[in-house]
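Understanding the architecture of this molecule
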Amino acid sequence: MKILIVGAGPAGVTVAETLRQHDDRVEITMLSGEPTPPYSPPAMLEYFTTGREVHLWRGRDFAERLGITYRAGTTVVAVEPAQHTVRLEGGETLGYDRLVLATGGRLYTPIAGEEKPGIYNFKSLTAAEELLGRVRSGAARSALIVGAGFIGVEIALLLADLGLEVTQLVRSRVMRSMLDPETSQIVLGMIEARGVRVLQDDAADAVAFVGDARAEAVQMRSGDVVSADLLVAATGLKPNVAYLHGSGIETKWGVLVDDHLRTNVADVYAAGDVAETFDRFTGERYVHAIFPNAVAQGRIVAYNLLGWDTAYEGADNMNSLKHLGLPLMAVGRMTGEELRVQRGAELRKLYLEDNRIVGFRLVGDVSAAGIFRSLMNRRADVGPLRHRLLDPKFGMGTVIPYTAQ
Amino acid sequence: MSDTFEHLSSAKDAQKMIRYAHEEHIETVWDRLAAQEPQCGYCALGLSCRNCAMGPCRVDPFGDGPQRGVCGADADVIVARNLARSIAAGASAHSDHGRDILETLYQTATGETSAYKITDVDKLKRLAAEFGVEAEGKEPAELAREVAWEMMEEFGMRKEELTFAARAPKPRRELWEKLGIMPRGIDRENVEVLHRTHMGVDNDYVNILLHAVRTSLSDGWGGSMVATEVSDVLFGTPAPINSKANLGVLKADHVNIALHGHNPMLSDVMVRAAQDPALQDLARSKGAAGINLVGLCCTGNELQMRIGLPMAGNHLIQELVIMTGALEAMLVDYQCIMPSVVDVAKCFHTEIISTFDKARFTGATHIPFDPKRGIEIGQQIVRRAIENFPNRGPRVVIPDEPVDMMAGFSVEAIVGALGGTPKPLVDAIAAGHIRGAVGVVGCNNPKIKHDYGHTTLTRRLIENDILVVVTGCAAVADGKAGLMTPAAAEMAGPGLKAVCQALGIPPVLHMGSCVDNTRILVLAAALADYLGVDISALPLAGAAPEWYSEKAVSIGTYVVASGIYTVLGVQPAIFGSPNVVNLLAGGLNDVVGAAFAVEPDPEKAAVLIRRHIEGKRKGLGLPFVEPDTIVMPE
Amino acid sequence: MKTVFVNPERCVGCMQCQVACAVEHSQSKNLYQAVFEVPKPRPRIYVAPGLYLNTSFPNKCRHCDPAPCMEVCPTGAITRNADLDIVVIDGNKCITCAMCAMVCPFDVIRYYESATVKLDKTVAVKCDHCIDRQRQGKVPACVEVCKVNALVFGDPNEIAKSAAGRLAKLVSVATGAIHPELPRLPATFEAWRKWGEESGKVNER
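Some points on the overall build of chain B
Regarding its fold elements, chain B presents 24 helices and 16 strands. Its C-alpha radius of gyration of 24 Å places chain B within 12% of the 26 Å reference for a compact globule of 634 residues. Based on the C-alpha atoms only, the size of chain B along its principal axes is roughly 65 × 65 × 50 Å. Counting the 634 residues in chain B, one finds 64% classified as buried.

Below is the structure:
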C-alpha cells in the first residue's frame, strides 16, 4: 500500500508517525512545500526569539527514523483522483493508493491589494523567515499588523520584542472570536504595555493595501493611510485549497470531510488546517486551526487508513496565548450564564448553560483549565459544584468526591 | 464562591464587609483558611508530636503505618500530651492576664499608680474574708495591699488547695480531692504540664489527662477567677446596663478608637482620657464631632459590662472593622489579636497601637503600657488617634445600624435582680417554667459560619425555656442578633418569657468576657449549694459552638471538671486516639459527672442539651420530659 | 509496570508527599538546603482540599496512555519513557504554550522555573514518577513518605486484585456475612471526617 501525504505540518507528521507505529511495511511518501524538515508552527516564535530549534519537533532525522520518503520543496499543483495521482510543479506525477491532504492554511487579509508583493505572512516558516530577514537586515524598523487574532497579537509582540515600532489594527476588538469584551480589553492593555501602538475602530478600518509595485501602506475607509516598513496580513486564516480546483474534491472554506475525515472522493482524506471539520461541542462546521486539532485529526486519518474504523469526535475550539506575560486561555463558547471572579490581575470566567460548562476564559491563573475542559466535553452537570467552580482551590479534590457521590 | 458571603457569616454587617474585602482584594481570615486547606490530618487528629528532636513523629490513624513515635509514645500518649499542652497554654493565658490585673491592684494599693482606684470596696472585703485577711479597721488601700499580697500566693507553691476552690460545692471538692486533681498553685500546675509532657515523664494517658484537668481547674477556679474578681474590685462589679452592638457603633463623623484584646487596664484609662475636654477640643479642631470609643472582643466585653461601651464586634470582626475606613486607631492589648490586623491596616489610615511588652506586632506602633503613668499614656494614644483623623480616606463604609443590647449581669447583679437570693430562679426551674440554664460561650472560628452557631443554638434554647448566659464572642453574637434586650423575651418559650418579663431582664444574660466564665462557675456553685447538691446534678450545660482558642480548651475542661456537660461545635485535636475520645466523651461521666460532646450543627446541639437537661431534671425528681422523646433533627 | 495508586479515603491532608516531592526534585535533595535553593524546588503532587473540611485528595499525573498532554505538545517535549512507562517532560524543549495544561483532565501540569532547565523562564513541570529513584530500585518519594497508605506503589493488576478483595469483603458485609478482618476505618477517624462534612453542610444552609 502506498500512502501519499501532502503537507508536513503537524497533521501530516502525525499521520505518518501513527501509520509507522502500527505498520512497518506501509510505503509512505510525504511532500513538503518548504525546504526544511517538518516543523511545528506554534514553536516558530520561540525559534525566532531564542534560536532554539524547538520548532523541528520531530528532529532533523524524522524521515530516516520513520523510513519514509520525504520530499522537501515539493509543491502539488493538481490532484487527479481518477488516476490516483497528483501532479507536481514541474510536471512530475506521483501515484498513490491513499492520499492525505494536509496542506494547512495561510494568513490573509481580505481587502483590495492583498495579492501585492510586500505583504508578509507568518503562517509558514518560509514566510516567517522572509519577514524576520527584513528585520535582521535592518531594512524594517516599523511594522503594521492588520488584524488582532491570536496569531496577529503574537506577531505584534514578537516584533515589538525585536525592537520594531509596531502598530496593530484592531477593527473591533482583540481576539474577538475567542474572547469576551472584558478579557479582550485586558489583553489590549497588556499589548499596549508592551509597546505596541493600537489603532482601533475607524482608525483601523483597512480597505486596501496601497503602493505601486509593492504594498507599502494600508488605506483606511476614512482615507487615512498608515505606512510601515513591514506589512503583515493577519486578519484570518485561509485553508490552502487552490490546487484542488478541478479535482472533484469538494471544498467550501476548507476541504469538506465526513466524520471519518474522508473527502467526497474515494481514498482521499484531509486533516489539519486545510480540513473543514465540525466542533466537538456544537457540531458546527468550521476550520479551527490549532495544533491539537491537527494532531488529533492526523491520528484519526491514520487509524482509518490502517483499516480501523474510527470516528472523529470533533474539533476543539480553544487557544492559549503565551507571550503576554500572563497566561491566557480561551476555551469553548461565550454564551449563557457568566460566572466571574477577579483577583488582582487574574480574571476567570466560566460560561454555563443548563448548569453545564460551555466555555471559559482564564487570565493569569489557569489552574483547573483541564478540569473545566473535561467537565465541558463530558457535558457534566456542575449544578451542585456551581458555588465552588471559581474557588481558588477548585480542582480534583472537589471534583472527585463530587463525582463519586 | 457565592458572592453573597452568607455562608461565611450570619451577621449582616460582616457579610457586607466580607464582600467589600473581596472586591478590594483585602485578605481576610476566610481567605487564609481556604489557602490552608487541606489542613494536616495528623495535626488535626492530635497524632503529630514535635516535643523532641528525635521527632517530629506522627502516628498512622489507620493502623498500618507507624503506631509509635521514636520514643515509643503511642497515639493515646501523643494525643494526651498535645491536649495537655493546649490546656496549659489556655490556662496560662487566662492566669497571666489575672496576674497582670492583680499586680495593678497591688500597685494601686501601694500608691505606685494613681491611674486606678479601689472601686468595689464591698467585694474587696468579701475577698479579704476568703483569703483570711482581717478587714476590720483597715483603709481600702491597706486592705487591698494585703489581699493582693495573699492572692499572689494563688500563683505560688505554698498552697495545697487554691483559695477560690473553696467556692466549689463540698461534694465537688471532695471529688477533686479523691481524684488527686485539686488545683494547687496556678503556675505550678502549668509548669507541671510542661514537665509531664516532656519526653519520658508521664507516659500514661489517663494520668496525663487527669493532670490536664487539674491545670484547667487552676484556671477556672484560679487564674481566671483572680482576673474577674480583681477587675471587679478595680473597675467595679458590673450591673445591668444598656449598650449597642455591631459595626454600626462606629460614627462616621467621630474619631473612632477600637479597644481590642482581653485586658481592660489600659482601656479603662482610655475611656477617661477620651473625656478630657482638651482632647475633645482637639478632636473638634480636626473636624471631628467628637471621640467615639468602641469595644472589640473581650476588652470590649469588659467595658461593655461596666460602662456600656458600644461593642463593634467579636473575633472575626477584627479585620473587618478596619475596612470601614472610619477607624483612627485600634488599641490592642493581648490574646486573639490576629497578626493580620497590621496588614489590613496598611490598606487604610488606621494605626494599630500595641500596648503590652509581651504582645508586640511587627508593623504596629508600640506604646508600652505602664500603670504608673496610665492616664498620661491614655491621653497620648487618644491624641495620636485624633491627629490621624485628617488622614482618613474618602471611602467610609459603616455597614449597618447598631442594635440595642443589655450587658452587666455579674452574679451579684443576677442575684440582685432575683431579689437578693437565687430562690426565685431555683423555684422557676423546679416548677419547670425554666427547664435549666446553659452557658453559651467561646470564640468565633472561620470553620463555622460566623455567629451562626452561637445565635442558632441560643435561639433554640430560649425557645425551649432554657435560660442562656453568655460570655466572650458568644455574647457579642447574640447581642448583635437582638437576643439580649428585655424585649427579646418575646422570642423565648412561655415559661422563660414570663420570668424575664417579671424581672425585666433579657432571656440571654451577658456575664462578661471569657475570663468571666468563672462567674458562671460561681453561679452554678451557688445554685448547687442552695439545693444542697453537686453541680453535676443540676440541669445545666455549657456550649462552645464556634471555639478556636487554646483558652477555650481550658475553659471547656474546667467546666466539665466542675460537673457541667459541654457541647463543642468544633473538634478538639483528639480524634486520633479512640481511648482519649471515649474518655472525654463518655468515661469522664463516671469520673467527674460530666463529659464532652462534639456537634457542629447548632440545631442538633440544642437537642443534645435539651435531652441532657431533661435527664438532669429527672434525676432531681423535678417534672421532666423523657429525654429520648425530644426529636433530633435530620 | 508499576504505578502509584491513590486511596483517597486514607489521605489525611498532611502534605508530606508534596514536601518530599519538592525535595526529591531539588538540586540538593535535602530538605534543609532545598528550602534555600533558587529556583525554588516545586512539588509535582498536589494535596487538594476535598469538598468539605477534613477531606483531601493527593493529585498527581496518571501517566495516561494515550496521554493528551503528549499529543498536543507542539515541540515534542512530552514523551513516554518506554521501559518504565512514564510520561516525562523535557523542559528544555518546552515553549510554555500551556496546551498540555489545557488538555490535562487531571490538572497536574504547572509552570515553574526548573533547576534542570537552563532557560530563564518557566516551563511545564509535572510528576516524572521519580524516574531516577525507580532506576535505583526505590519507590517514588511521595509513596515513601506516605505513612497512611494513601499512596501505594505497585503493579496495577496486583493493586486491583487486592482492591477487588476489599470490595468482595464489603459485599459480604452488605449481604450479612460479616468478615472479621474487614479493614474498616477507625470510628473516631470517621467521626473526624464526618464533622467536616456536617459543618460544611451547616455553613451552606
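Right, picking up where we left off after that structure.
A closer look at the pattern of salt bridges
All names here are of chain A. Scanning the model with the defined rule gives 77 salt bridges over all chains in all. A salt bridge links aspartate 161 to arginine 194; the nearest nitrogen and oxygen atoms lie 3.1 Å apart. One end of the pair, aspartate 161, is in helix H5 (residues 150-161); the other, arginine 194, is in the loop between helix H6 (181-193) and strand S12 (197-200), with 33 residues separating them in the sequence. Among the residues examined, arginine 194 registers a relative accessible area of 28% and is labelled partly exposed. For the salt bridge of glutamate 182 with lysine 349, the shortest nitrogen-to-oxygen distance reads 2.7 Å. Here glutamate 182, found in helix H6, pairs with lysine 349, found in strand S25 (residues 346-353); they are 167 residues apart in sequence, far enough to count as distant.

Looking at the domain arrangement of chain B
Residues and elements named next belong to chain B. Taken as a whole, chain B is organised into domain 1 (76-235), domain 2 (247-391) and domain 3 (406-625). The centre of domain 1, based on its C-alpha atoms, is set 23 Å off from the matching centre of domain 3. Interface area, domain 1 with domain 3, both sides summed: about 2,900 Å², of which 67% is carbon and sulfur. On the surface where domain 1 and domain 3 come into contact, there are four salt bridges. A salt bridge links arginine 519 to aspartate 232; the nearest nitrogen and oxygen atoms lie 2.8 Å apart. On inspection of domain 1 and its partner domain 3, the count reaches 16 residue pairs in polar contact (both at pLDDT 80 or more). Secondary structure elements with two or more residues in the side of domain 1 that touches domain 3: helix H4 (75-110), helix H5 (121-130), helix H7 (170-179) and helix H9 (205-235). The element contributing the most residues to the side of domain 1 that touches domain 3 is H9, with 13 residues. Across the side of domain 1 that touches domain 3, the residue classes tally to 18 nonpolar, eight polar and seven charged.

Focus: the interface of chain A and chain B
Residue-level contacts link nine residues of chain A with eight residues of chain B. With both sides pooled, the region where chain A packs onto chain B buries about 510 Å², and carbon together with sulfur makes up 49% of that total. Where chain A touches chain B, the interface holds zero salt bridges. For the pair chain A and chain B, the interface holds three residue pairs in polar contact (both at pLDDT 80 or more). A breakdown of the residues in the side of chain A that touches chain B according to their chemical character gives two nonpolar, three polar and four charged.

Quick look at the environment of B:Ile307
Residue and element names in this part refer to chain B. Along the polypeptide, isoleucine 307 turns up in helix H12 (residues 297-307). A relative accessible area of 45% places isoleucine 307 in the partly exposed class. The sequence separation of isoleucine 307 and serine 554 amounts to 247 residues, and the corresponding C-alpha distance is 28 Å. In contact with isoleucine 307, other than residues within four places in its own chain, are Ile241 and Val271.

Some points on the pairing of strand S11 (residues 436-440) of chain B
Regular strands have side chains that alternate between both faces of the sheet. Residue and element names in this part refer to chain B. In terms of burial, S11 is a largely internal element, five of the five residues being buried. The alternating pattern of S11 places Gly436, Val438 and Val440 on one face and Ala437 and Gly439 on the opposite face, and all of these are buried. Read from S11 through helix H18 (residues 452-463) to strand S12 (residues 466-471), the crossover connection turns out right-handed. Relative to strand S14 (residues 540-544), S11 runs parallel, the two being bridged by four bridges. Note that in S14 the partner of valine 438 across the bridge is alanine 541.

Quick look at the sheet that holds strand S20 (residues 275-278) of chain A
Pairing in this open sheet of three strands is mixed, and the strands run S18-S20-S21 (chain A) from one edge to the other. Two strands lie at the open edges of the sheet, namely strand S18 (255-256) and strand S21 (285-286) of chain A, each paired on one side alone.

Observations regarding unusual backbone geometry
With omega at -5 degrees, the peptide bond leading from B:Glu37 into B:Pro38 counts as cis. Residue position: B:Pro38 is located in the loop between helix H2 (29-36) and helix H3 (41-44). Of note, the bond from C:Asp65 into C:Pro66 is cis; its omega dihedral lies within 30 degrees of zero at 0 degrees. Within the fold, C:Pro66 resides in the loop between strand S3 (56-59) and helix H3 (68-72). With a phi angle near 60 degrees, C:Asn149 is a residue other than glycine that sits in the positive phi range.

So, the packing of helix H10 (residues 265-274) of chain B against helix H15 (residues 374-388) of chain B
All names here are of chain B. Between H10 and H15, the least distance of the axes is 8 Å, while the angle of their chain directions is 65 degrees. When the interaxial angle is binned, H10 and H15 end up roughly perpendicular. For the pair H10 and H15, the crossing hand works out as right-handed. Contact with H10, carried on its side by Leu266, Val269, Met270, Arg272, Ala273 and Ala274, involves Gly374, Ile375, Ile377, Gly378, Gln379, Ile381 and Val382 of H15 and no other residues of that element.

Details of empty space enclosed by the protein
Residue and element names in this part refer to chain B. Per the stated rule, a full pass over the model turns up nine cavities of 30 Å³ or more. Size it by volume and the largest cavity reaches roughly 140 Å³. Along the walls of the largest cavity sit 18 residues, with His262, Gly442, Cys443, Cys473 and Cys514 positioned nearest its centre. Taken together, the elements giving at least two residues each to the lining of the largest cavity come down to H12, helix H19 (472-480) and helix H22 (550-561). Here the lining of the largest cavity takes three residues from H22, the largest share from any one element. The class makeup of the residues in the lining of the largest cavity is ten nonpolar, seven polar and one charged. Shared between two domains, the lining of the largest cavity takes at least three residues from each, and those domains are domain 2 (247-391) and domain 3 (406-625).

A word on the nonpolar core
Most often, soluble globular proteins keep nonpolar side chains buried together rather than apart. Residue and element names in this part refer to chain B. Core analysis: the biggest nonpolar cluster contains 135 residues, and Ile257 and Ile609 have the highest contact counts within it. Here the element with the most residues in this core is H9; it accounts for nine residues. In contact with isoleucine 609, not counting residues within four places along its chain, are Val438, Leu457, Leu461, Ala541, Gly542, Ala543, Tyr565 and Val567.

A look at the sheet that holds strand S6 (residues 93-95) of chain A
All names here are of chain A. The three strands lie next to each other as S4-S5-S6, forming an open sheet whose pairing is antiparallel. Lying at the two open borders of the sheet, with one neighbouring strand each, are strand S4 (76-80) and S6. On average, adjacent strands in this sheet sit at an angle of 25 degrees to one another, irrespective of strand direction.

Structural notes on the domain arrangement of chain C
All names here are of chain C. According to the domain assignment, chain C contains domain 1 (3-156) and domain 2 (160-203). At the interface, ten residues of domain 1 touch twelve residues of domain 2. Between domain 1 and domain 2 lies a buried interface of about 1,000 Å² when both sides are counted; carbon and sulfur atoms form 54% of it. On the domain 1 side of the contact with domain 2, Glu9, Tyr52 and Asn54 bury the most area, a combined 54% of that side's loss. Taken together, domain 1 and domain 2 are joined by zero salt bridges. If you look at where domain 1 meets domain 2, you find four residue pairs in polar contact (both at pLDDT 80 or more).

Comments concerning the packing of aromatic side chains
For the structure shown, the criterion picks out 17 aromatic pairs over all chains. Ring geometry for A:Tyr47 versus A:Phe48: centroids 5.2 Å apart, planes at 45 degrees, classification tilted. Centroid distance A:Phe278 to A:Tyr312: 5.8 Å. Interplanar angle 65 degrees. Geometry classified as edge-to-face. Of this pair, A:Phe278 sits in strand S20 while A:Tyr312 sits in the loop between helix H7 (291-305) and strand S22 (318-321), and the two are 34 residues apart along the sequence. Every member of this aromatic cluster is reached through a ring pair, and the members are A:Tyr47, A:Phe48 and A:Phe122. Sitting over the face of the ring of B:Tyr42, B:Arg58 holds its NZ or CZ atom 5.8 Å from the ring centroid. Note that C:Arg110 overlies the ring of C:Tyr46, its terminal NZ or CZ placed 4.1 Å from the centroid.

What counts, and where the lines are drawn
Residues numbered from 1 in each chain as written. Chains lettered and ligands numbered in written order. Predicted model: local features only at pLDDT ≥ 70, side-chain atom pairs only at ≥ 80, totals over all residues. Heavy atoms only, no water. Helix = DSSP H or I, 4+ residues; strand = E, 2+ residues; numbered from the N terminus. Rg over C-alpha atoms; globule rule 2.2 N^0.38 Å. Buried < 20%, exposed > 50% of the residue type's maximum accessible area, 1.4 Å probe, protein only. Salt bridge = Lys/Arg side-chain N within 4 Å of Asp/Glu carboxyl O. Domains from an automatic or database assignment. Buried area = accessible area lost by both parts, 1.4 Å probe. Polar contact = N/O pair within 3.5 Å; in protein donor to acceptor, adjacent residues only side chain to side chain. Nonpolar A, V, L, I, M, F, W, Y, C, P; charged D, E, K, R; others polar. Contact = heavy atoms within 4.5 Å. Right-handed = clockwise from strand over helix to strand, strands pointing away. Pairing = 2+ DSSP bridges. Axes fitted to C-alpha atoms, helices over the stretch in contact; angles between N-to-C directions. Parallel < 35°, antiparallel > 145°, perpendicular 65-115°, else oblique. Left-handed = near helix turned anticlockwise from the far one by under 90°. 1 Å grid on protein atoms, 1.4 Å probe; cavity = no way out; pocket = protein on both sides within 12 Å on 5 of 7 lines; lining within 4 Å. Points joined across faces, edges and corners; volume = space filled by probe spheres on them. Core = buried A, V, L, I, M, F, W, Y, C linked by side-chain atoms within 4.5 Å. Phe/Tyr/Trp six-rings, centres within 6.5 Å; stacked < 30°, edge-to-face > 60°. Lys NZ or Arg CZ within 6 Å of the ring centre and 35° of its normal.

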